[in-house]
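Understanding the architecture of this molecule
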Amino acid sequence: MSTNFKTAMAPANGEWLTGVRHLLVDLDGTLVRQQEAIDGAAELLAHFHDRYAIVSNNSTHTAQGLALRLRRLGLRVPPGRIVLAGELAVRQLAQQHPGARVLLIGSPSLHRFARAEGCELVQANADFVLLALDMHFSHARLALAANELLRGARLMVTNADATHPGPQGRVVPETGALLAAVLAASGVQPWRTIGKPAPLLFEEGLRRLGAEPASTVVVGDNPLTDAEGAARLGMTCLLVGQAPGAVAPTVAGLFRRSSPVAAPEESPQYLLSESTSKVWRSVRTEVS
């Protein structure tokens with residue numbers, strides 16, 4: 001994995017904030033950990049007010065549902081400022097392949113969203129298998145997906161993250177963990193992967209803000225998705241959390257620390273299985 005990420009400074013007393021026009025900010029591990037807001041999250045969003053967008057590989061929620069969840073955590077975010085990999089994957093299928101038959105492995109809310117967007121959801125003879133984070137993933141669903149792929153369906157994946165950070169240092173298995181099982185069972189590589197570090201989510205966030213990459217900073221916690229994706233579009237990335245190169249343990253530290261964002265190396269928190277790493281290598285060269 002390349003570590004040629006753009007170096008940035010977070011000057012003392014939050015002076016870096018004055019030179020940034022727009023912000024693209026990650027969600028899990030940056031603003032929230034499961035059912036709790038991270039220290040400094042509300043302050044960061046309040047500072048940028050209408051000049052930020054949340055850009056997340058989340059494929060469980062819709063923007064509307066996530067906005068309600070964040071409100072309960074004290075973060076008031078309009079749904080229009082939330083860009084999610086699950087929703088974008090559904091929209092791409094609905095708009096670019098109207099009438100396609102889709103086997104969707106994902107949450108109930110993503111199923112409802114897909115139907116509302118006009119997708120024809122099926123259990124057999126699918127044109128596409130769309131793999132998202134499914135909390136009820138099972139042997140039966142794995143067999144269904146694998147056999148549809150072996151029959152000739154194309155595989156679209158919302159994101160290839162193996163995990164995201166949870167409370168008390170725990171990890172939460174992500175779509176990439178399910179993808180590893182699908183790859184092992186079918187041997188079929190993804191036709192398209194939507195989420196970071198691919199550019200689609202960042203580009204959509206910039207579009208909604210009317211922003212330019214040169215005046216936009218990405219704040220995230222994952223060198224493989226946030227820093228790598230920002231570098232592809234020439235944007236500066238500030239990493240927070242425990243990854244090498246992080247400028248602060250939480251976003252609260254962005255208001256008071258002065259540290260460089262060094263070129264990060266992969267840390268154990270972000271190591272991927274061998275099969276999922278193949279997806280990352282293809283994602284790195286994909287143009288969405």
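Calculation criteria
Residues numbered from 1 in each chain as written. Predicted model: local features only at pLDDT ≥ 70, side-chain atom pairs only at ≥ 80, totals over all residues. Heavy atoms only, no water. Pairing = 2+ DSSP bridges. Helix = DSSP H or I, 4+ residues; strand = E, 2+ residues; numbered from the N terminus. Contact = heavy atoms within 4.5 Å. Axes fitted to C-alpha atoms, helices over the stretch in contact; angles between N-to-C directions. Buried < 20%, exposed > 50% of the residue type's maximum accessible area, 1.4 Å probe, protein only. Salt bridge = Lys/Arg side-chain N within 4 Å of Asp/Glu carboxyl O.

Remark on secondary structure: sheet strands pair via backbone hydrogen bonds, oriented parallel or antiparallel. Reading across from one edge, β7-β6-β8-β9-β12 is the order of the five strands in this open sheet, with parallel pairing throughout. The open sheet is flanked by β7 (120-121) and β12 (192-193), the only strands paired with a single partner. Bridge analysis of strand β9 (residues 154-157) against β12 gives two bridges, and the strand direction is parallel. Bridging across to β12, M156 finds its partner in R192. Where helix α3 (residues 85-96) meets the sheet, it contacts β6 (101-105), β8 (128-131), β9 and β12, and its direction lies at approximately 160° from that of β8.

Attention now moves to the environment of A116. For A116, the position within the fold is in helix α4 (residues 108-116). Sequence separation between A116 and A94 is 22 residues; the distance between their C-alpha atoms is 10.0 Å.

By the element assignment, S107 lies in the loop between β6 and α4. Dropping the residues within four chain positions of it, S107 is found in contact with S59, T60 and L133.

A few words on unusual backbone geometry. Following K196, the chain continues to P197 via a peptide bond in cis, the omega torsion being 15°. Examined against the element boundaries, P197 turns out to sit in the loop between β12 and α7 (200-209). You will see that Q34, though not glycine, has its phi angle at about 55°, which is positive. Mapped onto the elements of the fold, Q34 is located in the loop between β2 (32-33) and β3 (36-37).

Turning our attention to the environment of A231. Along the chain, the position of A231 falls in helix α8 (residues 223-232). In the structure, A231 is positioned 34 residues away from P197 in sequence and 9.2 Å away in space, judged by C-alpha atoms.

So, on to α7. Counting buried positions over the ten residues of α7 gives seven, a clear majority of the element. Among the residues of α7, those classed as buried are L200, L201, F202, E204, G205, L206 and L209. Tucked into the core, α7 has its buried residues touching β1 (22-25), β4 (52-56), β5 (82-84), α3, β13 (216-220) and α8. Positive phi appears at G210, one or two residues downstream of α7, with a value of about 65°.

In total, this model carries nine salt bridges according to the counting rule given. Across the pair E204 and R207 runs a salt bridge, and its minimum N-O distance is 2.7 Å. One end of the pair is E204 and the other is R207, both in helix α7 and three residues apart, which spans about a single turn. Residue classification places E204 among the buried positions, given a relative accessible area of 16%. Judged by its relative accessible area of 57%, R207 falls in the exposed class. Here R208 makes a salt bridge to E204, at a shortest N to O gap of 2.8 Å. One end of the pair, R208, and the other, E204, are both in helix α7, four residues apart, so they sit about a helical turn from each other. Members of the salt-bridge network, linked through shared partners, are D26, K196 and D226.

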